[in-house]
Amino acid sequence: MSKRHRPIYVTEPHLPPLADFMPYLEAIWQSKRLTNSGPFHEQLESALADYLGVEHLSLFANGTLALVTAMQALRITGEVITTPYTFAATTHSLLWNNLKPVFVDVDPKTCNLDPDRIEEAITPATTAILPVHCYGFPCDVERIEAIADTYGLKVIYDAAHAFGVRHDGESILRHGDLSVLSFHATKVFNTFEGGAIVCPNDKIKRRIDHLKNFGFADEVTVVAPGINGKMNEVCAAMGLLQLEHIDAALATRSRIYRQYAEALAAVPTLQLIGPPEGTQWNVAYCPMLVSDTHPVSRDALYDRLKAADIHVRRYFYPLISSFPMYRGLPSAVPSRLGNAHRIARQVICLPIHPGLGADEVGSVLDILLAAD
Ligand code: T4K
């Protein structure tokens, strides 16, 4: 086993040389334009729309504020069908809007909302579906949209993990009424903190832009009780710099995933999960299921890795539907969410980020493959 000198984290932000960031900072200092749709904000919106292949995009201070605003932009009310297998922010965005989450189980292969289970959860109060492209695995967008069309529901995708993901040659962000991205430090593409709403037309973008700026439509007109969701110029500049390196970062992620996949292929009880066929994936995470028959339990493996200074995460354990503010909902009953509970019990997300060397991946594998 090779000797390591630093801890290994589930992820680390990709940071280009600091010197490359200085010209951006100098420009900010010179212009004194720090926030409120400054020049870097404008440049990043258009550069990202081009890169991602989407019509319009509105930048936010973080993904959570973007989710909260997306619900307001579409005037969602009543009940929203969603997945319990996600990060807290997805479901919290509903509570922040006084909306009632209705949990539906996930598909065991993709970890995403199971389209077969959606219709039975629809009631007269349902107005929207909030699926998550978990780990950057595309949801079954065609089936979800067919259901939404039949019942007149809106679809807001939590695409926090899905930066740059394409399916059947098309950006996954072009589906649904809106898609919400996160650019948090732990994400494939980061702006320190940040996020965006991807939207199909100029009219809805205008409304979103008002909502993220306290509801101001102009200097004297406030059209809605909006929030302060704006991305500042330093974060936008970071995004412009990150865009120069994103393709190389994505290629490195794929290489690391292949190293794990090749080594783990021999161990059927440690199963890496991947996206559906036809996906150009961003390898946002490297989820592995530890089967109940594996000689070492998931939590024992987690502890062994930690003891070796390897800090993995059990995304997404515990399930959102087990949190105190949600567990009393009728849809949160564990027997209705069998797949989500099993995956949450078995999952470990292995370290993956562009700064991770092959020898460090080797250290992780040494522990996973050690005979107990
Ligand atoms: N929807 C979904 C489906 C999401 O997954 C998220 C966020 C959101 C919505 C909301 O988007 P944002 O409002 O966050 O933009 C992390 C992130 O904080 C969170 O953004 C993310 N999902 C979630 C899945 O993971 P933690 O509590 O696991 O992060 P933390 O601080 O433990 O970081 C993990 C590892 O990353 C650390 O062990 C070390 C490394 N790290 C982290 C940070 C923050 C660094 O090396 N540098 C850093 O600056 O939640």
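Residues numbered from 1 in each chain as written. Predicted model: local features only at pLDDT ≥ 70, side-chain atom pairs only at ≥ 80, totals over all residues. Heavy atoms only, no water.

Student: Outline the nonpolar core, supporting the account with residue identities and numerical values.
Tutor: One finds Leu48, Tyr85, Tyr135, Tyr260, Met288, Leu350 and Leu368 to be the most contacted residues of the largest nonpolar core, which totals 106 residues. Here this core spans two domains, and each of domain 1 (18-104 + 112-241) and domain 2 (246-369) adds at least three residues to it. The contact partners of Leu48, leaving out residues within four places of it in the chain, are Gly53, Leu57, Leu59, Phe163, Phe183, Phe189 and Leu243. Of all hydrophobic cores here, the second largest spans 23 residues; its members include Leu99, Leu130, Leu178 and Ile204. (Core = buried A, V, L, I, M, F, W, Y, C linked by side-chain atoms within 4.5 Å. Buried < 20%, exposed > 50% of the residue type's maximum accessible area, 1.4 Å probe, protein only. Domains from an automatic or database assignment. Contact = heavy atoms within 4.5 Å.)

Student: So what's going on with helix α2 (residues 39-52)? Residues and values would help.
Tutor: Between its first and last C-alpha atoms α2 spans 20 Å; for 14 residues at 1.5 Å apiece the expected length is 20 Å, and the two agree. Three or more residues of α2 are buried, namely Phe40, His41, Leu44, Glu45, Leu48, Ala49 and Leu52. One side of α2 holds all its buried residues, which, seen down the axis, span an arc of 165°. Directly after α2, the chain includes Gly53, whose backbone phi takes a positive value near 70°. (Helix = DSSP H or I, 4+ residues; strand = E, 2+ residues; numbered from the N terminus. Expected span 1.5 Å × (residues − 1). Arc of directions from axis to C-beta.)

Student: Which residues make up the sheet that holds strand β14 (residues 279-280), and what values go with them?
Tutor: Read across the sheet, 3 strands follow the order β8-β7-β14 without closing on themselves; strand pairing throughout is antiparallel. Edge positions in the sheet fall to β8 (170-171) and β14, since each of these pairs with one other strand and no more. In this structure, strand β7 (residues 166-167) lies alongside β8, joined through 2 bridges in antiparallel fashion. When the sheet's bridge partners are listed, Arg166 is paired in β8 with Ser171. (Pairing = 2+ DSSP bridges.)

Student: Give a description of a nonpolar patch on the surface that names residues and reports values.
Tutor: Nonpolar side chains collect at one region of the surface, where Phe214, Phe216 and Val222 lie side by side and expose about 260 Å² of accessible area between them. With a relative accessible area of 49%, Val222 lands in the partly exposed category. (Patch = residues over 30% accessible without salt bridge, like charges linked within 9 Å, V, L, I, M, F, W, Y side chains within 5 Å. Areas by Shrake-Rupley, 256 points an atom, 1.4 Å probe, with all protein chains shown as cover. Salt bridge = Lys/Arg side-chain N within 4 Å of Asp/Glu carboxyl O.)

Student: Account for the layout of surface pockets, naming residues and giving values.
Tutor: The calculated volume of the largest pocket comes to roughly 370 Å³. In terms of lining, the largest pocket is formed by 23 residues, of which the most central are Phe87, Ala89, Ser182, His184 and Lys187. For the lining of the largest pocket, the secondary structure elements donating two or more residues are α3 (63-73), α4 (88-95) and β9 (178-182). Its residues assigned to classes, the lining of the largest pocket shows 10 nonpolar, 10 polar and 3 charged. No fewer than three residues from each of domain 1 (18-104 + 112-241) and domain 2 (246-369) sit in the lining of the largest pocket. Quantified by volume, the second largest pocket comes out at close to 300 Å³. Taken together, 21 residues make up the lining of the second largest pocket; nearest its centre are Asp107, Lys109, Thr110, Pro138 and Pro276. Breaking the lining of the second largest pocket down by element, the ones donating at least two residues are α5 (141-151) and β13 (270-272). Residue contributions to the lining of the second largest pocket peak at 3 residues, all from α5. (1 Å grid on protein atoms, 1.4 Å probe; cavity = no way out; pocket = protein on both sides within 12 Å on 5 of 7 lines; lining within 4 Å. Points joined across faces, edges and corners; volume = space filled by probe spheres on them. Nonpolar A, V, L, I, M, F, W, Y, C, P; charged D, E, K, R; others polar.)

Student: Please set out the pattern of salt bridges residue by residue, giving values where relevant.
Tutor: Within the structure shown, the criterion is met by 16 salt bridges. A salt bridge links Glu79 to Lys100; the nearest nitrogen and oxygen atoms lie 4.0 Å apart. Highlighted residues: Glu79 in strand β3 (residues 79-82) and Lys100 in strand β4 (residues 100-103), separated in sequence by 21 residues.

Student: I'd like a description of the packing of aromatic side chains, backed by residues and values.
Tutor: Under the definition given, this model contains 18 aromatic pairs. Pairing Tyr285 with Tyr315 gives two aromatic rings, centres 5.7 Å apart and planes at 85°, and the pair type is edge-to-face. Here the residue Tyr285 occupies a position in the loop between β14 and β15 (287-290), and Tyr315 occupies one in the loop between β16 (310-311) and α10 (338-346), the gap between them amounting to 30 residues. Like Tyr285, the residue Tyr315 is buried in the burial classification. (Phe/Tyr/Trp six-rings, centres within 6.5 Å; stacked < 30°, edge-to-face > 60°.)

Student: Please give an account of the sheet that holds β15 that cites residues and values.
Tutor: By way of backbone hydrogen bonds, the strands of a sheet pair with one another, either parallel or antiparallel. In spatial order, the strands read β13-β15-β17; together these 3 strands make up an open sheet with antiparallel pairing. Edge strands, defined here as strands with exactly one partner in the open sheet, are β13 and β17 (347-349). Within the sheet, the average angular offset between the axes of one strand and its neighbour, ignoring direction, is 30°. Two elements, β13 and β15, share 3 bridges in a ladder whose sense is antiparallel. What sits directly across from Leu270, in β15, is Val290. (Axes fitted to C-alpha atoms, helices over the stretch in contact; angles between N-to-C directions.)

Student: Break down the domain arrangement of the chain for me, citing the residues and quoting the values.
Tutor: Domain annotation for the chain reports domain 1 (18-104 + 112-241) and domain 2 (246-369). With centres defined by C-alpha atoms, the gap from domain 1 to domain 2 works out at 25 Å. Of the residues lining the interface, 31 residues belong to domain 1; the matching set on domain 2 comes to 35 residues. Across the domain 1/domain 2 interface, buried area totals approximately 2,800 Å², and carbon plus sulfur atoms make up 66% of it. Contact with domain 2 buries area across many residues of domain 1, yet Tyr85, Phe103 and Tyr135 alone supply 26% of it, more than any other trio. Taken together, domain 1 and domain 2 are joined by 0 salt bridges. Taken together, the connections running from domain 1 to domain 2 amount to 15 residue pairs in polar contact (both at pLDDT 80 or more). Within the residue set of the side of domain 1 that touches domain 2, elements represented by two or more residues are α4, β4 and β7. (Buried area = accessible area lost by both parts, 1.4 Å probe. Polar contact = N/O pair within 3.5 Å; in protein donor to acceptor, adjacent residues only side chain to side chain.)

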